[in-house]
Amino acid sequence: MNLEIANRLLALRREHGYSQEELAYKLGVSRQAVSKWENGTSEPNTSNLMALARLYGIPAEDLLKGVESALEAQEK
């Protein structure tokens, strides 16, 4: 997983004052899943990305900006 996204997920969770356990409960996933997303060993599926975007009140694309930037750089 892209570490920029992992760091963005961690920052957003902290900005909104959620613990990993609270976020996991709101999304219906395990705390371990949230931890793996934030340390870059796993990535949220599309459903979870959409749920995160809704929860944080941001467009889903904002969660993926690091991926898009990396792809654009590779194409050049």
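The structure under discussion appears in the preceding block.
Here goes a summary of the coordinates provided. Not measured: the values here are computed from a predicted model.

1. As for the overall build of the protein chain
Within the protein chain, the regular secondary structure consists of six helices and zero strands. Reading the secondary structure of the protein chain in the N-to-C direction produces α-α-α-α-α-α. The long-range share in the protein chain, meaning contacts at least 24 apart out of those at least 6 apart in sequence, stands at 57%. Accessible surface for the protein chain amounts to roughly 4900 Å². Of this, 49% is attributable to carbon and sulfur atoms.

2. A few points about helix α4 (residues 46-56)
Within α4, the full set of buried residues consists of Asn48, Leu49, Ala51, Leu52, Ala53 and Tyr56. Where α4 is buried, its residues meet α1 (3-15), α2 (20-27), α3 (31-39) and α5 (60-63). Two to three positions downstream of the cap, the backbone nitrogen of Ser47 sits 3.1 Å from a side-chain oxygen, assigning the N-cap of α4 to Asn45. Directly after α4, the chain includes Gly57, whose backbone phi takes a positive value near 70°.

3. Thoughts on the packing of α1 against α3
Look at α1 against α3: their axes get within 6 Å of each other, and the N-to-C directions meet at 125°. When the axes of α1 and α3 are compared, the pair comes out oblique. Residues Leu3, Ala6, Leu9, Leu10 and Arg13 of α1 form the contact with α3, whose participating residues are Val34, Trp37, Glu38 and Asn39.

4. Examining the pattern of salt bridges
Taken as a whole, this structure holds one salt bridge when the rule is applied. One salt bridge in this structure joins Glu38 and Arg13, with 2.6 Å as the shortest N-O distance. Taken together, the residues Glu38 in helix α3 and Arg13 in helix α1 connect sequence positions 25 residues apart. For the pair shown, Glu38 and Arg13 are each scored as buried.

5. A short note on the nonpolar core
Within the largest apolar cluster, 17 residues are counted, with the highest numbers of intra-cluster contacts made by Leu9, Leu23, Leu27, Trp37, Leu52, Tyr56 and Leu63. Listed by contribution, the elements that provide at least two residues to this core are α1, α2, α3, α4 and α5. Setting aside its immediate chain neighbours within four residues, Leu63 contacts Ile5, Arg8, Leu9, Leu12, Leu49, Leu52, Ala53 and Ile58.

6. Re α2
For α2, every residue scored as buried is listed here: Gln20, Leu23, Ala24 and Leu27. Down the axis, α2 shows its buried residues gathered within 100° of arc, on one side only. Exposed and facing more than 90 degrees away from the buried side of α2 are Glu21 and Tyr25. Of the surrounding secondary structure, the elements contacted by the buried residues of α2 are α1, α3 and α4. Two residues or fewer after α2 comes Gly28, characterised by a positive phi angle close to 75°.

What counts, and where the lines are drawn
Residues numbered from 1 in each chain as written. Predicted model: local features only at pLDDT ≥ 70, side-chain atom pairs only at ≥ 80, totals over all residues. Heavy atoms only, no water. Helix = DSSP H or I, 4+ residues; strand = E, 2+ residues; numbered from the N terminus. Contact = heavy atoms within 4.5 Å. Areas by Shrake-Rupley, 256 points an atom, 1.4 Å probe, with all protein chains shown as cover. Buried < 20%, exposed > 50% of the residue type's maximum accessible area, 1.4 Å probe, protein only. Polar contact = N/O pair within 3.5 Å; in protein donor to acceptor, adjacent residues only side chain to side chain. Axes fitted to C-alpha atoms, helices over the stretch in contact; angles between N-to-C directions. Parallel < 35°, antiparallel > 145°, perpendicular 65-115°, else oblique. Salt bridge = Lys/Arg side-chain N within 4 Å of Asp/Glu carboxyl O. Core = buried A, V, L, I, M, F, W, Y, C linked by side-chain atoms within 4.5 Å. Arc of directions from axis to C-beta.

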